[in-house]
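So the chains spell out like this:
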There are 2 protein chains.
Amino acid sequence: MPKDVKVTPWEVSGDVNYKKMIKEFGIKPMPELTEIFNKDILFRRKVIFAHRDFGRILNAIKNKKKFAMMTGLMPSGKFHLGHMILARQFSFYQKLGAKLYIAVADLEAYNTRKQSFEEMRKVAIDQYLLNYIALGLSPKNCDFYFQSDRANDFKKSNAYYSLASNFSSYATFNEFKAVYGKISPGKMNASLLQASDMYHPQLPEFEGKPIDTFIPVGIDQDPHIRIARGMARRDKDYKFTPISSTYHIFFPSLRGGSKMSSSDENSFIAMTDSPSEVKKKINKYAFSGGQATVKEHKRKGGNPDIDVSFQYLKMFFEPDDKKLQKIYEDYKSGKMLTSELKEILIKKINDFLKEHQRKRKLAKKQIYKFIY
Amino acid sequence: MPKDVKVTPWEVSGDVNYKKMIKEFGIKPMPELTEIFNKDILFRRKVIFAHRDFGRILNAIKNKKKFAMMTGLMPSGKFHLGHMILARQFSFYQKLGAKLYIAVADLEAYNTRKQSFEEMRKVAIDQYLLNYIALGLSPKNCDFYFQSDRANDFKKSNAYYSLASNFSSYATFNEFKAVYGKISPGKMNASLLQASDMYHPQLPEFEGKPIDTFIPVGIDQDPHIRIARGMARRDKDYKFTPISSTYHIFFPSLRGGSKMSSSDENSFIAMTDSPSEVKKKINKYAFSGGQATVKEHKRKGGNPDIDVSFQYLKMFFEPDDKKLQKIYEDYKSGKMLTSELKEILIKKINDFLKEHQRKRKLAKKQIYKFIY
């Protein structure tokens, strides 16, 4: 792992050695999964590659027991392809019986970025919720909420915020420091709220009992989970079931970095990008595993493992394993040129976005079902 | 000021030099007050001796403008005479037009003392609210609430807790440390909630606008106020009016210490003490300014300034200045013996408690007007 690699919830940079992180964070590679999981390329192709205590969730699914999935979003920037890793899991798990809790972390964003609540509300709905719905999120068994505005039910609100406060007595500053490095009152407060986000479904005012809950995250979010699990374990007033988690790899930036950045327009494809923008971005910015000249490429072959266009096909846009395998081999042998590979991806993305944008228009009529 | 004097919100010990504290904390001696204040011995006799920005409240009273008074209680132990300093101010200010906000700091108590919420609710109502009502608290213009259960209105609850979270971004750990000395996540969280207690009346969901608010406290609570004022000042999203404050002296412990302790039964007179208990406690424990023998006392005289019985008469039980003055002189000259002074006090307290206990019974029928 190079020295300049940083993986914290606040920053991800450099190359990421996932195997090493599995070991460091005490998590486990995903177990053998059943057909229902393997039909989805996120699981089959190990985009979701590790977990902690996910066995409980697999058991709940097997026994047709209700379980909960918790996730959060920071309401900033444009919704882009990278957000799909999470969003696609929503409907996947809803179909398997999950109750979804989706927190808009607006209090956290306020503390760390000073965005206005009005603006955040707009972004959360127009950029996130709308795309979630277009990607299959169902209003049934979905609790979409804002941290600043938990519920239109005072019992729920009072319980949710009180839990965050209670948790503060179950951690020390040294633990926060050990987990986060530098920590401020605002970040600590955000961490307590996140812990309440993760565990409040189990309160009497919500599900009413311990419920197997998991949170699908990028591995950079693991510190939040570890500190929340610690606080919940020490809280003897409730018999919380520890939260489970799954970890997905970072969706690569167009430029080839480890994670997309909403602040760099050319590092991602937004859901609202036009066909010509997509074409331009892929052709101009998508980091290539090809050689410097066509002649050299044909002789030496390309490297699909570092080629961003190939990664995008692998993660989302070429669900057919045989076709993907052929692209992999052709590119590696030099038979397929970078321009050809990019052309395949551009067409796939634009077909997808055209359909997605149509669904997004329809989704507008559904919003009221999610927001009180 | 002796070296072992400690004045923090968590502990008060040793002798207290109020003049020095006025200087240290940057607060001011009470200004000349109008007749309406001076009719009350708490003001006339400087039990309430200092303030910060109290001019705004005096102006509001003068101009018959609405203002707010905020206070909090830790739901522990028995309600005793010391609690009357605050409680008597409630009806005093209500009559002058104050809206009262009374917070039961149960989240804070949970974080620092691990009391159960059920038990705290019982203590807050049976020990505190009941006595407040008996001492004149009116349900009109009174918002009595629990930190863990802010309101039966989700908009209010969401706003109140969100403010505590927002405040976390307006302070640094170093500030908390400078103000409190040792600080833990639980204490920091309590401090943020207290700041929300102080400022949330000004939110749109409550009074809807900046409102002159003050908090009457023992001087040991000033650190909470200073840090809350700092956070509110930096929060530019709201135009908060800084909270004003008044400071009262500590009600002396029976044994003569600077503050009563709920954990030492013989350091205070509880509102539920029987006449014989009162008699025994005063005779046995009330710290005396008298001499070792009657003979010596008659010759040298006593010291009313350090005599606890005299202090109790001065603060609550002898409202007649002339009578108090005569007692002062007679005791100082040696004409009045300690046993005689104590007898006066015992009778006054027992007369008061008899009437108070009668009012407390009636108060039970009023509780529902304060609790949703």
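Each chain has its residues counted from 1, running along the sequence as written. Labels are handed out in written order, letters beginning with A for the chains and numbers beginning with 1 for the ligands. Under the rules for a predicted model, residues below a pLDDT of 70 receive no local features and side-chain atom pairs below 80 are neither given nor counted, while totals for whole chains, interfaces and linings still include all residues. Side-chain descriptors were evaluated using all non-hydrogen atoms of the structure, hydrogens and water having been removed beforehand.

Caption draft 1: Examining the overall build of chain A more closely. Strands are runs of DSSP state E lasting at least 2 residues, helices are runs of H or I lasting at least 4, and numbering of each runs from the N terminus. From N to C terminus, chain A includes 16 helices and nine strands. For the radius of gyration, the atoms used are the C-alpha atoms, and the globule rule reads 2.2 Å times the number of residues raised to 0.38. Taking 2.2 N^0.38 as the reference for a compact globule, 372 residues should give roughly 21 Å; the C-alpha atoms of chain A span a radius of gyration of 21 Å, in line with that estimate. For chain A, the spread of C-alpha atoms along the three principal axes comes to 70 × 45 × 45 Å. Residue exposure (1.4 Å probe, protein chains only): buried if accessible area is under 20% of the type maximum, exposed if over 50%, otherwise partly exposed. Burial analysis of chain A (372 residues in total) assigns 58% to the buried set. Counting contacts in chain A only where the partners sit at least 6 residues apart, residues at least 24 apart contribute 76% of the total. Residue exposure ignores everything except the shown protein chains as possible cover, and the areas themselves are Shrake-Rupley values with a 1.4 Å probe. Carbon and sulfur atoms provide 52% of the accessible area of chain A, an area that totals close to 16,400 Å². Each charge class in chain A was averaged separately, 65 positive and 41 negative side chains, and the resulting centres sit 2 Å apart. We call two residues contacting when some pair of their heavy atoms lies within 4.5 Å. Positive residues here are Lys and Arg, negative ones are Asp and Glu, while His and the chain termini are left out of the count. Here the site of a charge means NZ on Lys, CZ on Arg, CG on Asp, or CD on Glu.

Caption draft 2: Quick peek at empty space enclosed by the protein. Residues are said to line a cavity or pocket when one of their atoms sits within 4 Å of a point; the points come from a 1 Å grid over protein atoms alone, cavities being sets where a 1.4 Å probe fits but cannot get out and pockets being open sets with protein on both sides within 12 Å along at least five of seven lines. Grid points are joined across faces, edges and corners, and a volume is the space filled by probe spheres set on the points. One pass over the structure, following the stated rule, counts one cavity of 30 Å³ or more. One number sums up the size of the largest cavity: a volume of about 150 Å³. Secondary structure elements with two or more residues in the lining of the largest cavity: helix 8 (154–167) and helix 10 (185–199) of chain A together with helix 8 (154–167) and helix 10 (185–199) of chain B. Residues belonging to the lining of the largest cavity are distributed by class as follows: eight nonpolar, four polar and no charged. Under the grouping applied here, Gly and all other residues not named as nonpolar or charged are polar, the nonpolar ones being Ala, Val, Leu, Ile, Met, Phe, Trp, Tyr, Cys and Pro and the charged ones Asp, Glu, Lys and Arg.

Caption draft 3: Spotlight on the interface of chain A and chain B. Taken together, the contact between chain A and chain B spans 37 residues of the former and 37 residues of the latter. Summed over both partners, the accessible area lost on bringing two parts together, with a 1.4 Å probe, is the buried area. Overall, the association of chain A and chain B removes approximately 2,700 Å² of surface from exposure, summing both partners, and the carbon and sulfur fraction of that is 57%. Whenever a carboxyl oxygen of Asp or Glu lies within 4 Å of a side-chain nitrogen of Lys or Arg, that contact is scored as a salt bridge. Counting every contact that joins chain A to chain B gives zero salt bridges. N or O atoms closer than or at 3.5 Å make up a polar contact, with two conditions inside protein: a donor-capable atom paired with an acceptor-capable one, and, for residues adjacent in sequence, both atoms drawn from side chains. The tally of links between chain A and chain B comes to 26 residue pairs in polar contact (both at pLDDT 80 or more).

Caption draft 4: Geometry of the nonpolar core. Grouped together as the largest cluster of nonpolar side chains are 239 residues, with contacts concentrated most on Tyr93(A) and Tyr93(B). Not counting chain neighbours up to four residues away, the residues in contact with Tyr93(B) comprise Phe37(B), Phe43(B), Phe54(B), Phe67(B), Met69(B), Ala98(B) and Phe214(B). Here, nonpolar core means buried Ala, Val, Leu, Ile, Met, Phe, Trp, Tyr and Cys residues that are tied together by side-chain atoms lying within 4.5 Å of each other.

Caption draft 5: A look at the relation of the copies chain A and chain B. Superposing copies: least-squares fit, C-alpha atoms only, residues required to have pLDDT of at least 70 in both. Its rotation angle being 180°, the transformation that places chain A on chain B also includes 0.0 Å of axial translation and leaves an RMSD of 0.0 Å. Such values leave the two copies arranged in the relation of a two-fold axis. Distance from the rotation axis, computed per C-alpha, reaches its smallest value in chain A at Phe154(A): 2.0 Å. Interface overlap between copies: 100% of the residues of chain A at the interface are likewise at the interface in chain B, consistent with a symmetric, same-surface contact.

Caption draft 6: Geometry of helix 4 (residues 55–62) of chain A. Residue and element names in this part refer to chain A. Looking only at helix 4, the buried set comprises Ile57, Ala60 and Ile61. The buried residues of helix 4 occupy an angular sector of 100° when the element is viewed end-on, so they sit on one face. Turning to helix 4, the residues buried within the fold contact helix 2 (35–38), strand 5 (67–73), strand 8 (213–218) and strand 9 (244–248). After helix 4 finishes, the residue Lys64 shows a positive phi value of roughly 50°. In this description, the arc belongs to the directions extending from the helix axis to the C-beta atoms.

Caption draft 7: Focus on the sheet that holds strand 4 (residues 48–52) of chain B. All names here are of chain B. A pair of strands counts as paired when DSSP detects no fewer than two bridges linking them. The strand order across the open sheet formed by seven strands is 3-4-9-8-5-6-7, and the pairing between neighbours is mixed. The sheet terminates laterally at strand 3 (28–29) and strand 7 (142–146), the two strands that pair on one side only. Sheet topology note: the strand 5 (residues 67–73)/strand 8 (residues 213–218) ladder contains two bridges and is parallel. Opposite Ala68, over in strand 8, you have Thr213 as the bridge partner.

Caption draft 8: The arrangement of the sheet that holds strand 9 of chain A in detail. Residues and elements named next belong to chain A. Spatially, seven strands are ordered 3-4-9-8-5-6-7 in an open sheet, and the strand pairing comes out mixed. Pairing within the sheet leaves two strands with one partner each, and these edge strands are strand 3 (28–29) and strand 7 (142–146). In the sheet, strand 4 (residues 48–52) pairs with strand 9 via four bridges, with the strands oriented antiparallel. The residue bridging Ile48 from the neighbouring strand is His248, located in strand 9. Sheet strands touched by helix 1 (residues 18–25): strand 3 and strand 4. Its angle to strand 4, the strand with the most contacts, is close to 5°. Here the axes come from fitting lines to C-alpha atoms, over the contacting stretch only for helices, and the angles between their N-to-C directions go from 0 to 180 degrees.

Caption draft 9: The confidence of the model for chain A, seen in detail. Known as pLDDT, the predictor's confidence for each residue is given on a scale from 0 to 100. Mean pLDDT over chain A: 92, with 94% of residues reaching 70 or higher. We note a pTM of 0.92 for the whole complex and an ipTM of 0.91 for its interfaces.

Caption draft 10: Region of interest: unusual backbone geometry. Residue and element names in this part refer to chain A. A positive phi is found at Lys46, a non-glycine position, where the angle reads about 60°. For Lys46, a relative accessible area of 47% gives the class partly exposed. At Asn141, a position not held by glycine, the phi torsion is positive, near 55°. Inspection of the secondary structure puts Asn141 in the loop between helix 7 (117–134) and strand 7. Judged by relative accessible area, Asn141 falls into the partly exposed class, the value being 35%.

Caption draft 11: Main features of the pairing of strand 5 of chain B. Summarising burial for strand 5 of chain B: six of the seven residues are buried, a large majority. For crossovers, right-handed means that the path from the first strand over the helix to the second runs clockwise, given strands pointing away from the viewer. Taking the sense of rotation as the criterion, the β-α-β connection linking strand 5 of chain B, helix 5 (residues 84–95) of chain B and strand 6 (residues 98–104) of chain B turns out right-handed.

Caption draft 12: Inspection of the pattern of salt bridges at higher detail. Under the counting rule described, the total for this entry stands at 45 salt bridges over all chains. Sharing partners across several salt bridges, the network here consists of Asp53(A), Arg56(A), Lys65(A), Asp212(A) and Arg229(A).

Caption draft 13: How the structure looks around the pairing of strand 6 (residues 98–104) of chain A. Residue and element names in this part refer to chain A. Of all seven residues in strand 6, seven are buried; the element is thus mostly enclosed. What you see with strand 6 is no split at all: Ala98, Leu100, Ile102 and Val104 on one side and Lys99, Tyr101 and Ala103 on the other are buried throughout. Relative to strand 6, strand 5 runs parallel, the two being bridged by seven bridges. Within strand 6, the position partnered with Met69 by the bridge is Leu100. Summarising the sheet, strand 6 and strand 7 pair through five bridges and their orientation is parallel. Bridge assignment links Ala103 to a residue of strand 7, and that residue is Tyr145.

Caption draft 14: Layout of the side chain of His224(B). As for its placement among the helices and strands, His224(B) is situated in helix 11 (residues 222–234). A distance of 2.7 Å separates the side chain of His224(B) from the side chain of Tyr180(B), its partner in a polar contact.

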